[in-house]
Amino acid sequence: MTRLETSNPTTFMAREIAEIPAAAGRLLAEGEAARIGAGLRDRAFPFAVLCGRGSSGHAGVHLRYLIETRLGLPVSAAAPSVVTGYDRPPQVAGALFVVISQSGRSPDLVAATEAARAGGALTLAVVNDPESPAARASDLVLPILAGPERAVAATKTVTNSLIAGSALVAAWAGDAELGQGLSALPERLDRALALDWSAWTTDLAQAPAAFVTGRGHGLGPVREIALKLGETLRLPALGYSAAELRHGPRASVSAATPVLALRQADPLAEGVDALVRDLSGDGLRVQACGGPLGSLPWIGDGHPACDPIAMLVPAYRAIEAEARRRGLDPDAPAGLTKVTETL
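What you see is a predicted model; the values in this text were computed from it and never measured.

Helix length check: helix α4 (residues 54–71) (18 residues) gives 25 Å between terminal C-alpha atoms against 26 Å at 1.5 Å per residue, within 8%. Residues of α4 that are buried: Ser55, Ser56, His58, Ala59, Gly60, Val61, His62, Leu63, Leu66 and Ile67. One or two positions beyond α4, positive phi appears at Gly72, with a value near 65°.

Here is the structure:
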């Protein structure tokens, strides 16, 4: 029996991870992201603003790279407390404002969306509940169709948020290759469910902290995996760009702090490979997914904007299994609830 097989299939988190391929297929087949994206083609925006916290914010990082690389449109990350705490609505007239929220009920995200709409932005809600307050506050609503999610640690709503943003940009930019990559994604997600990344979680067993790294389209998933380590395993983890990790953070990477590197096959791949080579050469514990230095099982290169989404699946499975092995409940991390009411 491998460490991965110690996972309890009755946990909500395990069940919801297993539902990821079907949820992705449902979202892509419904086609609302493509319809909204096509409707944006005739509009000119001076910039876009993305608003989300936690896992939804990580989906926003992925969306930012897609918008900036496919459309050349500058993107800013919203700080909801500017509205809710400082009472200073930003000047966003003519911009596209996208709020990403699994529940659509966090009051600060709703308030920021209302302020953006009142300020003249076109507002779009990417949400799992199309009847939520964030959806009602928006001009356009893109339901991610992930279905009910009961585990506190979000999984299928995260992957579907990433896919929804990708499908939106594929249609908006007329990017046929990205569209083809998305079409192949449900099947690739299903194959990713069989990958065993327990070699990585074995490295984490006695670690006081951990690092996750990648670049470009992988950065949002990198930060998402770091969050899951913190909330599910109670392990402090930091997600850094491979370029950033070479600077100040490198001083705190040691043999006691394992590194996971995600590498997609795009122009930034060599930078990730070089970091993996350097860290390994220094005798540090590094597990890599993708490319010639990959030490973890992988399904082979697909579309570089889609592969980091698929890499979340074996990472989620390994984290869930490790939580159960440690006697932790992955469905109910200590001190956390499903919707954080933040103002």
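Read on for the rest.
The next thing to look at is the layout of surface pockets. Taken as a whole, the second largest pocket holds about 250 Å³ of empty space. Lining the second largest pocket are 19 residues, and of these Leu50, Gly57, Gly60, Val61 and Ala77 sit closest to its centre. Secondary structure elements with two or more residues in the lining of the second largest pocket: β1 (48–51), α4, β2 (75–77) and α11 (219–233). Considering every element that reaches the lining of the second largest pocket, the biggest residue donor is α4, with eight residues. Taken together, the residues of the lining of the second largest pocket break down into nine nonpolar, seven polar and three charged.

Strand β6 (residues 210–214) sits mainly inside the fold: five of its five residues count as buried. Neither face of β6 is exposed, since Ala210, Val212 and Gly214 on one face and Phe211 and Thr213 on the opposite face are all buried. Taken together, the five bridges between β6 and strand β7 (residues 237–241) define a ladder with parallel strand orientation. The partner of Gly214 across the bridge, within β7, is Ser241. Across three bridges, β6 lies against strand β8 (residues 259–262) in parallel orientation. Residue pairing for β8: Thr213 is matched across the bridge by Ala261.

The next point concerns helix α14 (residues 307–325). Three- or four-residue spacings in an α-helix give side chains the same orientation, since the helix completes a turn every 3.6 residues. With 19 residues, α14 should reach 27 Å at 1.5 Å per residue; the first-to-last C-alpha distance of 28 Å fits that figure. Across the 19 residues that make up α14, a large majority, 16, are buried. Positive phi shows up at Gly327, right after α14, with a value of about 80°.

Right, let's get into unusual backbone geometry. Of note, the phi angle at Asp87 is positive, near 55°, even though the residue is not glycine. Along the chain, the position of Asp87 falls in the loop between α5 (81–84) and β3 (96–101). Overall, the relative accessible area of 59% leaves Asp87 in the exposed class. Unusually for a residue other than glycine, Arg234 sits at a positive phi of about 60°.

The next thing to look at is the sheet that holds β6. What the four strands build is an open sheet, ordered β7-β6-β8-β9; its pairing is parallel. Of all strands in the sheet, those bounded by a partner on one side alone are β7 and β9 (286–289). Between one strand axis and the next, the sheet turns through 20° on average, direction left out of account.

Secondary-structure assignment places Thr213 in strand β6. Each residue touching Thr213, except ones within four places of it in the same chain, is listed here: Val222, Tyr240, Ser241, Ala242, Leu245, Val259, Leu260, Ala261, Leu262 and Leu275.

Inspection of the entire model under this criterion finds 18 salt bridges. Note that Arg35 is salt-bridged to Glu30, the shortest N-O span being 3.2 Å. Classification of Arg35 as partly exposed rests on a relative accessible area of 48%. Across the pair Lys228 and Glu231 runs a salt bridge, and its minimum N-O distance is 3.1 Å. Separated by three residues within a single helix, Lys228 and Glu231 lie in helix α11, roughly one turn from each other. Three or more residues are tied together by salt bridges with common partners; here these are Glu30, Glu32 and Arg35.

Conventions and cut-offs
Residues numbered from 1 in each chain as written. Predicted model: local features only at pLDDT ≥ 70, side-chain atom pairs only at ≥ 80, totals over all residues. Heavy atoms only, no water. Helix = DSSP H or I, 4+ residues; strand = E, 2+ residues; numbered from the N terminus. Expected span 1.5 Å × (residues − 1). Buried < 20%, exposed > 50% of the residue type's maximum accessible area, 1.4 Å probe, protein only. 1 Å grid on protein atoms, 1.4 Å probe; cavity = no way out; pocket = protein on both sides within 12 Å on 5 of 7 lines; lining within 4 Å. Points joined across faces, edges and corners; volume = space filled by probe spheres on them. Nonpolar A, V, L, I, M, F, W, Y, C, P; charged D, E, K, R; others polar. Pairing = 2+ DSSP bridges. Axes fitted to C-alpha atoms, helices over the stretch in contact; angles between N-to-C directions. Contact = heavy atoms within 4.5 Å. Salt bridge = Lys/Arg side-chain N within 4 Å of Asp/Glu carboxyl O.

So far we have only geometry, and geometry alone does not tell us how the molecule works.
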